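In case you want the letters, here they are:
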Amino acid sequence: MNRRRRLYEGKAKILYEGPEPGTLIQHFKDDATAFNAKKHDSIEGKGVLNNRISEHIFDRLGSIGIPTHFIKRMNMREQLVKEVEIVPIEVVVRNVAAGSLVKKLGLDEGTQLPRSIIEFYYKSDELDDPMVSEEHITAFGWASPQEIDEMMALALRINDFLSGLFFGIGIRLVDFKIEFGRHFENETMKIILADEISPDCCRLWDIETDNKLDKDRFRQDLGGLIDAYTEVAKRLGILTENPTNEPSGPRLVTSNE
Ligand code: TMP
């Protein structure tokens, strides 16, 4: 069905050539992976939910002046984005101890951190995305000192804004992972937020119950992933009816599907 040129296929998304030069189409798959794809499954409806949730979050971030690659949502699974050169660094921001930080430092899960902590991971499937320092990043030329400063400043603004946004709907933003890209326009280069922000790359806990509303449901075999993501979407106010129910009977086929 897709006659567009596929440029890149990742674990949870596919990037296609966009309709205009300098644009791409980001397609959200139902694939769920963990532990560098050693654990893999397909969870029907996840891509549709992540597309909607990420659209909403990027839209809100754009409205407070965070530069992002997001242009518009095209359909249930796809969005139009600006083409960027991805900085090969995953930026993780943590507010509460969980996941790999708990394992590394022997903290109790759920411990409030003394302040928000930023970590960097080098994007390399072969190496399982190792944690790296600013020294590694600049020495190996993955990003310049100025780019690191920009990414850190944006990451902290994003954390402040999203912590408040989620707190307002009864969810604790425990941690999240974001990626940045270099966007070239009129011979200038700007660091902008790229990729996605969804429950796949955040830890979101219900404030009342500590119930996990994120991909840890898959990582830890807790089940109920779609219900959890649907709950996040509902609380964000972006669920009209049943966003995961893609039409199954006869339907109009539009050009951008
Ligand atoms: P971690 O505790 O496993 O290091 O994860 C920190 C945050 O980053 C958590 O919100 C999940 C997210 N994350 C990703 O989005 N992709 C990854 O590959 C990993 C390891 C974590």
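Residues numbered from 1 in each chain as written. Predicted model: local features only at pLDDT ≥ 70, side-chain atom pairs only at ≥ 80, totals over all residues. Heavy atoms only, no water.

Trainee: Even after reading the chapter, I still don't get unusual backbone geometry, so can you show me in this structure?
Mentor: Most peptide bonds take the trans form, and the phi angle of most residues other than glycine is negative. If you check the backbone angles, Asp128 has positive phi at about 60° while not being a glycine. You can see Asp128 is positioned in the loop between β9 (112–122) and β10 (131–132). Accessibility expressed as a relative area gives 41% for Asp128, which makes it partly exposed. Although it is not a glycine, Glu187 sits at a positive phi angle of roughly 60°. (Helix = DSSP H or I, 4+ residues; strand = E, 2+ residues; numbered from the N terminus. Buried < 20%, exposed > 50% of the residue type's maximum accessible area, 1.4 Å probe, protein only.)

Trainee: What's the story with the site of the ligand in this structure? I'm lost.
Mentor: If you check the shell around the ligand, you find 14 residues, and the closest are Arg94, Ser100, Asp175, Cys201 and Arg203. The separation between an oxygen atom of the ligand and a polar side-chain atom of Arg94 is 2.8 Å. Burial of the ligand by the protein chains amounts to 76% of its free accessible area of 450 Å². When residues of the shell around the ligand are traced back to their parent elements, those giving at least two are β8 (85–96), α2 (99–105), β11 (171–185) and β13 (202–206). With three residues, the top contributor of residues to the shell around the ligand is β11. (Near = heavy atom within 4 Å. Polar contact = N/O pair within 3.5 Å; in protein donor to acceptor, adjacent residues only side chain to side chain. Areas by Shrake-Rupley, 256 points an atom, 1.4 Å probe, with all protein chains shown as cover.)

Trainee: Just checking my understanding: could you explain the packing of aromatic side chains for this structure?
Mentor: To describe a pair of aromatic rings, you give the distance between the ring centres and the angle between the ring planes. The final tally for this structure, using the stated rule, is two aromatic pairs. With 3.8 Å between their ring centres and 15° between their planes, Tyr122 and Trp142 make a pair best called stacked. Residue Tyr122 is found in strand β9, and its partner Trp142 is found in the loop between α3 (134–139) and α4 (145–167); the two are separated by 20 residues along the sequence. A connected cluster of aromatic rings, assembled from ring pairs, spans Tyr122, Phe140 and Trp142. For the cation-ring pair, Lys39 lies above Phe218, with the distance from its terminal atom to the ring centre recorded as 4.9 Å. (Phe/Tyr/Trp six-rings, centres within 6.5 Å; stacked < 30°, edge-to-face > 60°. Lys NZ or Arg CZ within 6 Å of the ring centre and 35° of its normal.)

Trainee: Is there a simple way to explain the side chain of Glu78 in this structure?
Mentor: Its place among the elements puts Glu78 in strand β7 (residues 78–82). Judged by relative accessible area, Glu78 falls into the buried class, the value being 3%. At 2.9 Å, the side chain of Glu78 forms a polar contact with the side chain of Arg4.

Remember that the coordinates give geometry; whether it matters functionally is a separate question.
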